Amino acid sequence: MLEEVLENVLGFRRPRFPLATKPLPVTTFEMPSILSFALISCDGRPFQAEVKEGDEVEAGQALGSEAGRAAVICPVKGKVTAIVRGADLRGASLARTVLINPAADTSPVAFNNLDPDKDSAEELWKRMEEAGVLTDSLCPRPLSQVIGPESGIEIDTLVVLAADREPEVSSTLALFRERKGDISTAARMLGRMCGANKVTVAVPAPLVSDARSTLSGTEVVSIPASYPETLEPLVIQRVNGTRSTRVIALETALAALDAVREGKVPSHKMVSLISPAGKGKSNLRVPLGTRLRDLFQEAGLSPRDRDKVIVGGPLRGFAQYSLDASVDQGVDAFMLIPSEEIETWTNEPCVNCGACLKVCPVKLQPGLLGKFGEFGLFDRAEEFSVDKCIECGLCAAVCTGRRPILQWIRMAKNELAKKRASQEVAETEKCETEES
Amino acid sequence: MPSESPLFTVGPPPHWRSKVSVSKTNYAFILALLPAALIGALLQSVGAGGLPALAEAPGVKLDIVAELIKELGVEGWLLGLGGSIGLLALGAGAGLVVEYIVQVIFRQPYYATNGHGVLMGMLLAMVMPPTVPWWVLFLGVAIAIVLGKQIYGGLGGYPFHPMIVGWLIILLSWGYHIRLVEHNSIAAIHPAVVFFILIGGVALVALGHVRWEVPFGIIIGVLASWALFNHLYPDNPKAGNLVEIFTTTHVILAAFFIATDQTSSPANKTGIWVYAIGIGVLYMLIRVYGKWQDPVPFAIILMNILAPLADRIRPKPREVVIQNG
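For clarity, every value in this text was computed on a predicted model and none was experimentally measured. (Residues numbered from 1 in each chain as written. Chains lettered and ligands numbered in written order. Predicted model: local features only at pLDDT ≥ 70, side-chain atom pairs only at ≥ 80, totals over all residues. Heavy atoms only, no water.)

Participant: I tried to follow the pattern of salt bridges on my own but got confused; where do I start?
Facilitator: Oppositely charged side chains can form a pair if their charged atoms are brought close together. All names here are of chain A. Under the criterion given, the structure shown has 38 salt bridges over all chains. Here Arg165 and Asp332 are joined by a salt bridge, their closest N and O atoms 3.6 Å apart. In this pair, Arg165 is assigned in the loop between strand S9 (157-161) and helix H4 (171-178) and Asp332 in the loop between strand S16 (318-319) and strand S17 (333-337), connecting sequence segments 167 residues apart. For the pair shown, Arg165 and Asp332 are each scored as buried. Close ionic contact of Arg403 with Glu374 constitutes a salt bridge, the shortest N to O distance being 2.8 Å. Remark: Glu374 occurs in helix H11 (residues 366-374) and Arg403 occurs in the loop between helix H13 (394-398) and helix H14 (405-435); sequence separation between them is 29 residues. (Salt bridge = Lys/Arg side-chain N within 4 Å of Asp/Glu carboxyl O. Helix = DSSP H or I, 4+ residues; strand = E, 2+ residues; numbered from the N terminus. Buried < 20%, exposed > 50% of the residue type's maximum accessible area, 1.4 Å probe, protein only.)

Structure (structure tokens):
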């Protein structure tokens, strides 16, 4: 109480990371002459190529597959001009990449129309797979693996997140404004598909009254318009969710609806451009597969040596090493940080200033966890609930010692996961020896 | 299709970072302290610390220069001002130089320019009387930097406030040099100086360099224990006049500039309150039952000892469900 008065009335400084509350105007990106599709999963598993150089491809045709199942779907009709080793968006080493020259007809319609309210869930899930609907998230995965039959869980509550996840990104808000009428249908359809008892639409607080009037019949939950409240774990907490609650981004839900109702393969992605000054500048509807070089050129930016090119938002995005990487269904923003604005990490000792404690949304001890990671005390990190970290990155953003806290936390998590895996292996081996 | 791409800087997220840094915080402290320090130096030389006091004090510094300048007919207070400003400069300079030398010897990265050593020296100079011999101040700063700070690995590692360590050691070892006249240090010479310290301190809080709980808690601790003591023993005058406590001692300086040191204080909210109120209460306790009228260093170092313990009072993590996707 006293704290709120001091901070709000007297303006005592506390770092804040507000989310965009108004969508910026949308421009549609022309189909570029080359589309590029990396045959790799978001966590670095390579896919099998299903096409070869010179092949004519149709919208809806598989370009890559994994274990006999289509994994990358071509969104347009065109010709495979080359298969090269290209850059991956998420920092994996070079991936096999299919380059396609799109034909004049760029329609993404590849299938017959289904009825989102009447056709059976099996049929709709089959459509998700053949259309290749992936989740709009840091690690885009097939929808059926997240909320569908392959997820292995019974979904209780499904949340459609109609909010942007990072500051200065307004792509979801722009979509919300454009397609308000479809949101209820999409949410209802997905809820029916995954058998959820409850479907809610989460919107940022400033949009709640608007959402309540347009989405009649659908439950609307208000989420504070500040980072990181719109990240999945915190959204789940806000809807009083459990382990069987799942959050799906609005754009994924709409892509699923389009695949069903209009037979479309996901073909475009709404992407926010964040200017070199760090402000949201505009929204672009970009064809999937557009290479970063075309994207930046169209945006009027020319990245130079030592600049930082980021795909994703300013707090969770991926720094790029090449402009050959291309837009996929998990990209919601891109930005360029000029070399002179780049803040480098240093490894000064933690001075216990407590800035990270103030911003941590989960009330962890990020500074301490960072130190545990730094000195290899992973068990201690586990004691201090490192597994509850949602990796929002705010601790590192405010660190006065400029310590790479998030990386140390990730390292600790990773080491703990490895340790658990090896323990499991050891235990199974032990059981097997005992049995024999 | 091989294509040319510039060579980009890559790095892990977050890609945005606040502009606050350790050195900026230290410089903010120094800047916020500077007006009070300069005004204090001026008042010290005009008031208690003019030439007459200098000449009478044992172990007087600059006595040859003083004689010379007197011969030349320079005003006494000007000389005194020179002495007071000289003290500040000596403290700050010694902080910088000693820290640099220690870091060279210890082969540490050179963080001397981050301003922390300068701040320590400046703070120590501000609590010295004008009659302090230069070598006592220098020794105090050197002890603060070497024994109080660098021996533990420098900023971030020390358990006790370095300046308090330096202050205590010279107070207990060469006390006759720094206890000659009460309330005549730069920081406590006049209520106006305390007022400027307060303004600087509030500015630090408003800019977010200082956790507001610390000065608040200390002041609350002092007020509450003063009230309690006067309630229990209405006839006992040992607690003193409240206005006097706040305007003629180092409490305000300690509340905003000394106890707020980040490394030697807790960082969790409850811990900060325990620490800050503890300092306030201990201050009054020692003042009433001890022999020290202004026991700032004792109160702070005792709570420094407790700080790691107080910092173990941590909030419960928020219950979040992390999906594996």
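Participant: Help me understand the nonpolar core, please; the structure alone is not making it clear to me.
Facilitator: In summary, soluble globular proteins display a tendency toward joint burial of nonpolar side chains. In this structure, B:Trp167 and B:Phe257 are the most contacted members of the largest nonpolar core, which totals 83 residues. No other element matches helix H13 (residues 269-289) of chain B, which puts 9 residues into this core. Contacts of B:Phe257, omitting those with residues within four sequence positions, involve B:Phe29, B:Ala32, B:Leu33, B:Leu123, B:Ile197, B:Gly200, B:Gly201 and B:Leu204. Ranked by size, the runner-up nonpolar core spans 47 residues in total, among them A:Val201, A:Val208, A:Val220 and A:Met270. (Core = buried A, V, L, I, M, F, W, Y, C linked by side-chain atoms within 4.5 Å. Contact = heavy atoms within 4.5 Å.)

Participant: What's the story with the side chain of A:Ser65 in this structure? I'm lost.
Facilitator: Along the chain, A:Ser65 falls in strand S5 (residues 62-66). The residues touching A:Ser65, leaving out its near neighbours within four places in the chain, are A:Phe47, A:Gln48, A:Glu50, A:Ala70 and A:Ala71.

Participant: Would you mind going over the sheet that holds strand S10 (residues 198-204) of chain A with me for this structure?
Facilitator: Within a sheet, neighbouring strands are paired by backbone hydrogen bonds and run either parallel or antiparallel to one another. Residues and elements named next belong to chain A. With respect to topology, 4 strands assemble into an open sheet ordered S11-S10-S9-S12, the strand pairing being parallel. Either end of the sheet is taken by a strand with one partner, and the two such strands are strand S11 (219-223) and strand S12 (245-249). With strand direction ignored, the average angle separating the axes of adjacent strands in the sheet is 30°. With 5 bridges connecting them, S9 and S12 associate as parallel partners. Residue pairing in the sheet places Leu158 in a bridge with Arg246 of S12. Relative to the sheet, helix H8 (residues 250-261) contacts S9 and S12, its axis offset from that of S12 by approximately 80°. (Pairing = 2+ DSSP bridges. Axes fitted to C-alpha atoms, helices over the stretch in contact; angles between N-to-C directions.)

Participant: Explain the state of the cysteines here, please?
Facilitator: In a disulfide, the sulfur atoms of two cysteines are covalently bonded to one another. Residue and element names in this part refer to chain A. As enumerated under the stated definition, the model contains 1 disulfide over all chains in all. Paired through a disulfide, Cys42 and Cys139 show a sulfur-sulfur distance of 1.6 Å. Here Cys139 lies in the loop between helix H2 (121-131) and helix H3 (143-146) and Cys42 lies in the loop between strand S2 (35-38) and strand S3 (48-49), a separation of 97 residues in the sequence. For Cys42, a relative accessible area of 16% gives the class buried. Looking at the unpaired Cys360, the closest cysteine sulfur is the one in Cys392, lying at 6.4 Å. Residue class for Cys360 comes out buried when judged on its relative accessible area of 14%. The cysteine Cys399 is free of any disulfide, with Cys353 supplying the nearest cysteine sulfur at 6.3 Å. (Disulfide = S-S within 2.5 Å.)

Participant: Mind showing me how you'd approach the sheet that holds strand S8 (residues 95-102) of chain A here?
Facilitator: Residues and elements named next belong to chain A. Read across the sheet, 4 strands follow the order S2-S8-S7-S4 without closing on themselves; strand pairing throughout is antiparallel. The open sheet has two edge strands, S2 and strand S4 (56-57), and neither has a second partner. Bridge analysis of S2 against S8 gives 4 bridges, and the strand direction is antiparallel. Within the sheet, the bridge partner assigned to Ala38 lies in S8 and is Thr97.

Participant: Looking at this structure, I do not really get the side chain of A:Asp182. What am I missing?
Facilitator: Residue and element names in this part refer to chain A. Along the polypeptide, Asp182 turns up in helix H5 (residues 180-194). Residue Asp182 is classed as buried on the basis of its relative accessible area, which comes to 18%. Polar contacts involving the side chain of Asp182 include one to the side chain of Arg261, which spans 3.2 Å. (Polar contact = N/O pair within 3.5 Å; in protein donor to acceptor, adjacent residues only side chain to side chain.)

Participant: What should I look at first to understand the packing of aromatic side chains in this one?
Facilitator: Between two aromatic rings, the relevant description is the distance of the centres plus the angle of the planes. This structure, assessed with the given rule, holds 10 aromatic pairs over all chains. Ring centres 6.1 Å apart and planes at 90° place the aromatic pair B:Trp135 and B:Trp174 in the edge-to-face group. Here B:Trp135, found in helix H6 (residues 134-146), pairs with B:Trp174, found in the loop between helix H7 (162-173) and helix H8 (175-178); they are 39 residues apart in sequence, far enough to count as distant. We classify B:Trp135 as partly exposed; its relative accessible area is 34%. An aromatic cluster is defined as three or more aromatic residues linked by ring pairs; in this entry it consists of B:Trp212, B:Phe216 and B:Trp273. Over the face of the ring belonging to A:Trp345 we find B:Arg17, whose NZ or CZ atom lies 4.2 Å from the ring centre. Here the basic side chain of B:Lys291 rests over the ring of B:Trp292, its NZ or CZ set 5.0 Å away from the ring centre. (Phe/Tyr/Trp six-rings, centres within 6.5 Å; stacked < 30°, edge-to-face > 60°. Lys NZ or Arg CZ within 6 Å of the ring centre and 35° of its normal.)

Participant: How do you make sense of the environment of A:Pro25 when you look at a structure like this?
Facilitator: Residues and elements named next belong to chain A. Note that Pro25 resides in the loop between helix H1 (2-9) and strand S1 (26-28). In this structure Pro25 comes out as exposed when scored by relative accessible area, which is 56%. Distance in space between the C-alpha atoms of Pro25 and Glu178 is 11 Å, their sequence separation being 153 residues. With residues near it in sequence (within four places) discarded, Pro25 still touches Ser282 and Asn283.

Participant: How do you make sense of the interface of chain B and chain A when you look at a structure like this?
Facilitator: Often, the extent of an interface is quoted as the loss of accessible area on bringing the components together. The interface is formed by 51 residues belonging to chain B together with 85 residues belonging to chain A. Summing both partners gives a buried area of about 5,900 Å² for chain B against chain A, and 55% of it is carried by carbon and sulfur. The largest share of the area that chain B buries against chain A comes from B:Trp16, B:Arg17 and B:Arg318, three residues that together contribute 16% of it. Put simply, B:Glu319 and A:Lys388 hold a salt bridge, and the shortest N to O gap is 3.7 Å. (Buried area = accessible area lost by both parts, 1.4 Å probe.)

Participant: What's the story with the confidence of the model for chain A in this structure? I'm lost.
Facilitator: Chain-level pLDDT for chain A is 90 on average; 97% of the residues reach the 70-or-more range. Taking the mean pLDDT of every element in chain A, the minimum, 61, falls on H1(A) and the maximum, 95, on H8(A). (pLDDT = per-residue confidence, 0-100.)

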